[in-house]
Amino acid sequence: MAFVMQKRIDAGLSRKTARPQGRVVVAPVCSAAVEAPPAPAAKPAQSYGVFRLSYDTQNEDPSLTRTWKKTIKVAVTGASGNIANHLLFMLASGEVYGKDQPIALQLLGSERSKEALEGVAMELEDSLYPLLREVSIGTDPYEIFGDADWALMIGAKPRGPGMERADLLQQNGEIFQVQGRALNESASRNCKVLVVGNPCNTNALIAMENAPNIPRKNFHALTRLDENRAKCQLALKSGKFYTSVSRMAIWGNHSTTQVPDYINARIGGVPATDLIRDMKYFREEFTPKVALRGGALIKKWGRSSAASTAVSVADAIRSLVVPTAPGDCFSTGVISDGNPYGVREGLIFSFPCRSKGDGDYEICDDFLVDEWLRAKIRASEDELQKEKECVSHLIGMMGGSCALRGAADTTVPGEN
Ligand SMILES: NC(=O)c1ccc[n+]([C@@H]2O[C@H](COP(=O)([O-])OP(=O)(O)OC[C@H]3O[C@@H](n4cnc5c(N)ncnc54)[C@H](O)[C@@H]3O)[C@@H](O)[C@H]2O)c1
């Protein structure tokens, strides 16, 4: 049921006093800020700039606010980075969660990006998005994840010169261990978590294993960009516009071992393999074109694919809050526990999924897996198992050794 959101002013204090815990500065109706009494638990992040001001939706255009839902809190890490620079404005505009969904953005940056983060908040202020009701910024994940309904984990360090993927796993794994613990402590118990920062599958695994208070099912790694790229390639090859491509699954890791599944894909409702009768193309061209697309883009433009990644994050979220069309699927990296395809349990693995639009999902169980596909899936699964062993010390597992040292680099070109 929709209801009118309201920031009521009682006894001269803003809604922030409604939160029992935390030491917060509150803004009285018409005078300078006063301090609320200190409380024991972790303090919530303070609102930024214009977002400290009070509002009352009863004074706003009722045709706009009448049907609004309760505000959701969305935490975004790496908020001053390239991907977030596109994504935040999509989130605030309502095109991701809906035009009736007010939103609070809680933005996490690193110590180095503090000033830039303030710049991002200023741009959000100046954009005057009606649905954007609160913005807070900070560098403490315990604060920024406070009560978050969604955590979009984009922030990660880039690979330094000469670093192997195994080093990146270690470096960024430590970030996701800390942030997983913070999610566990501070976020909503049903927080949905989408990890973008690479290596995203294993980072999501680390965050999940460090956040036992949040259901394992709620953790996702972004493979939607790969799905979107695969749809585009099938459109280019078939001569049919990309809106006609469905059931385009990505299996496995977000790396060059990913498996874009042409066997189950459809174009205009017809199996892609009926329309494109060219197995050599599928096996030798299609798969590498999808996996290497980011590198091709950098060669042309000198920039990484931040905009299309942001769009794919928006798509990934929408896939969970809007029901999946009958017979279709979307790809997302999720916990493999209990999957119907015999993939080893305990990995964050990309599967074809569907959703009723309630934030939850199920893994589709009706995808055909032939011998070729199975071998490819197995290779990606093996890689993820090795990645897991490389970070065993970050997820409370005993005795893993890192077999990826000196291995071929499978990071998607154009990404760290
Ligand atoms: N899964 C995918 O499909 C996909 C696609 C593209 C990029 N990526 C990955 O997304 C990540 C971000 O890409 P980008 O282009 O936005 O990079 P970027 O370097 O522009 O931004 C990253 C931001 O993260 C911040 N950061 C670093 N450590 C942090 C921490 N501990 N907490 C919070 N913030 C922190 C940095 O200060 C920086 O502002 C990279 O790891 C990249 O490889 C994933």
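A quick note: this is a predicted structure, and the numbers were derived from the prediction, not measured.

Q: For this particular structure, what's the right way to read the environment of Ala-316?
A: Tracing the chain through its elements places Ala-316 in helix H11 (residues 306-321). The buried category is assigned to Ala-316, whose relative accessible area is 13%. With 16 residues separating them in the primary sequence, Ala-316 and Lys-300 have C-alpha atoms 27 Å apart. In contact with Ala-316, not counting residues within four places along its chain, are Leu-194, Leu-222 and Arg-224.

Q: I tried to follow the packing of aromatic side chains on my own but got confused; where do I start?
A: The geometry of an aromatic ring pair comes down to the distance between the two centres and the angle between the two planes. Taken as a whole and assessed by the stated rule, the structure comprises 14 aromatic pairs. Plain terms: the ring middles of Tyr-97 and Trp-150 are 5.3 Å apart, the flat faces sit at 65° to each other, and that makes the pair edge-to-face. Taken together, the positions of Tyr-97 in the loop between helix H2 (82-93) and strand E4 (103-108) and Trp-150 in strand E6 (residues 150-153) put the pair 53 residues apart, joining distant regions of the chain. Side by side, Tyr-97 and Trp-150 carry an identical accessibility label, which is buried. Ring centres of Trp-251 and Phe-351 lie 6.1 Å apart, and the angle between their planes is 75°; this geometry places the pair in the edge-to-face category.

Q: Would you take a moment to explain helix H9 (residues 279-291) for this structure?
A: An α-helical segment advances 3.6 residues per turn. Residues three or four places apart therefore align on the same side. Its 13 residues give H9 an end-to-end C-alpha distance of 18 Å, which sits within 8% of 18 Å, the value for a rise of 1.5 Å per residue. Of the residues making up H9, those classed as buried are Tyr-281, Phe-282, Phe-286, Thr-287, Val-290 and Ala-291. Turning to H9, the residues buried within the fold contact helix H7 (224-238), strand E11 (259-261), helix H8 (272-275), helix H10 (293-301) and helix H12 (371-390).

Q: I keep staring at the state of the cysteines and nothing clicks. Help me out?
A: The bond known as a disulfide is covalent and runs between the sulfur atoms of two cysteines. Taken as a whole, this structure holds one disulfide when the rule is applied. Note on cysteine connectivity: Cys-390 is disulfide-linked to Cys-402, with sulfurs 2.0 Å apart. Taking the sign of the S-S torsion, 75° for the link of Cys-390 and Cys-402, the bridge is right-handed. Here the residue Cys-390 occupies a position in helix H12, and Cys-402 occupies one in the segment after H12, the gap between them amounting to twelve residues. Residue Cys-329 stays outside any disulfide, its sulfur separated by 5.3 Å from that of Cys-364, the closest cysteine. Classification of Cys-364 as buried rests on a relative accessible area of 0%.

Q: I tried to follow the nonpolar core on my own but got confused; where do I start?
A: Here is a general trend for soluble globular proteins: nonpolar side chains tend to be buried in one another's company. Counting 110 residues, the largest nonpolar core has Leu-88, Leu-91, Leu-107 and Trp-251 as the members making the most contacts within it. Take this core: its biggest share by element is eight residues, from H2.

Q: For this particular structure, what's the right way to read the UniProt feature "domain: Lactate/malate dehydrogenase C-terminal" (unreviewed entry) in the protein chain?
A: This chain's UniProt record puts "domain: Lactate/malate dehydrogenase C-terminal" (unreviewed entry) on residues 223-393. This span, residues 223-393, is 45% helix and 16% strand, and a straight line between its end C-alpha atoms measures 25 Å.

Q: It is not clear to me how the UniProt feature "domain: Lactate/malate dehydrogenase N-terminal" (unreviewed entry) in the protein chain should be interpreted in this structure. Could you clarify?
A: Here the UniProt feature "domain: Lactate/malate dehydrogenase N-terminal" (unreviewed entry) sits at residues 72-220. This span, residues 72-220, is 42% helix and 19% strand, and a straight line between its end C-alpha atoms measures 19 Å.

Q: Help me understand the sheet that holds strand E9 (residues 245-246), please; the structure alone is not making it clear to me.
A: Note on sheets: strands pair through backbone hydrogen bonds, and any given pair is parallel or antiparallel. One open sheet accounts for three strands, arranged E9-E12-E13; its pairing is antiparallel. The open sheet is flanked by E9 and strand E13 (270-271), the only strands paired with a single partner. Inspection of the sheet shows E9 paired to strand E12 (residues 266-267) by two bridges, in the antiparallel sense. The residue of E12 that forms the bridge with Val-245 is Ile-267.

Q: What is the right way to read the environment of Thr-139 from this model?
A: Along the polypeptide, Thr-139 turns up in the loop between strand E5 (132-138) and helix H4 (141-144). Residue Thr-139 is classed as partly exposed on the basis of its relative accessible area, which comes to 27%. Among the polar contacts listed, one links the side chain of Thr-139 to the side chain of Glu-111, at a separation of 3.2 Å.

Q: So what exactly am I meant to see when it comes to the pattern of salt bridges here?
A: Any two side chains of opposite charge can pair, on the condition that their charged atoms come close. Scanning all chains against the criterion turns up 18 salt bridges. Between Glu-285 and Lys-289 there is a salt bridge, and its shortest N-O distance comes to 3.8 Å. Placement of both Glu-285 and Lys-289 in helix H9 is noted, with a separation of four residues, approximately one turn of the helix. Taken together, the shared-partner salt bridges connect Arg-247, Arg-354, Glu-362 and Asp-366 into one network.

Definitions and cut-offs
- Residues numbered from 1 in each chain as written.
- Predicted model: local features only at pLDDT ≥ 70, side-chain atom pairs only at ≥ 80, totals over all residues.
- Heavy atoms only, no water.
- Helix = DSSP H or I, 4+ residues; strand = E, 2+ residues; numbered from the N terminus.
- Buried < 20%, exposed > 50% of the residue type's maximum accessible area, 1.4 Å probe, protein only.
- Contact = heavy atoms within 4.5 Å.
- Phe/Tyr/Trp six-rings, centres within 6.5 Å; stacked < 30°, edge-to-face > 60°.
- Expected span 1.5 Å × (residues − 1).
- Disulfide = S-S within 2.5 Å.
- Core = buried A, V, L, I, M, F, W, Y, C linked by side-chain atoms within 4.5 Å.
- UniProt positions renumbered as here; feature names shortened; annotations may be inferred.
- Pairing = 2+ DSSP bridges.
- Polar contact = N/O pair within 3.5 Å; in protein donor to acceptor, adjacent residues only side chain to side chain.
- Salt bridge = Lys/Arg side-chain N within 4 Å of Asp/Glu carboxyl O.

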